[in-house]
Amino acid sequence: MFNFVSTEARDVYVLEGHDVTLNIQGHEDFRREEIDFVHWSFHGQVVRYYPGKENVYVPDDRVKFDSTNFSMILKNLQKSDSGLYRGEIGAAEITTSLS
């Protein structure tokens, strides 16, 4: 079984040429070792992060990912950056058994 947290839809207005940080609310409900992945999707592109692995896939130099709080920073925003952004965390339910 997987548990998921996704960002709530909300409008954010930022001036062209400025930066914005997008956060996934509720990430603090998970213990770090339970998290299997963090994905940000937008415009058909995805930021992919898998804890325990050093690589973070980021599709553009203007996109930065903060692995401490799973936020995505968009730098030097342009009109073409407008749209729906979705952040998602997936975590497997940890089950232990005692014999």
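Everything below is about the structure shown above.
A brief look at the structure comes next. Fair warning: this is a prediction, and the values are worked out from it, not measured in the lab.

Right, let's talk about the pairing of strand 7 (residues 71–74) for a bit. Taking every second residue as pointing to the same face, both faces of strand 7 are buried, with Ser 71 and Ile 73 on one and Met 72 and Leu 74 on the other. Where strand 2 (residues 20–22) and strand 7 come together, three bridges link them in antiparallel fashion. Within strand 7, the position partnered with Thr 21 by the bridge is Ile 73. As defined by bridge partners, strand 6 (residues 63–66) adjoins strand 7 across four bridges and the pair is classed as antiparallel. Looking at the pairing, Asp 66 lines up with Ser 71 of strand 7.

Below, the discussion takes up the pairing of strand 8 (residues 86–92). Extensive coverage of strand 8 is indicated by the burial of five of its seven residues. Direction of pairing for strand 3 (residues 35–42) relative to strand 8: antiparallel, over a ladder of six bridges. In the sheet register, Ser 41 faces strand 8, and the bridge partner there is Arg 86.

The rules behind the values
- Residues numbered from 1 in each chain as written.
- Predicted model: local features only at pLDDT ≥ 70, side-chain atom pairs only at ≥ 80, totals over all residues.
- Heavy atoms only, no water.
- Buried < 20%, exposed > 50% of the residue type's maximum accessible area, 1.4 Å probe, protein only.
- Helix = DSSP H or I, 4+ residues; strand = E, 2+ residues; numbered from the N terminus.
- Pairing = 2+ DSSP bridges.

All we've got here are geometric facts, nothing functional implied.
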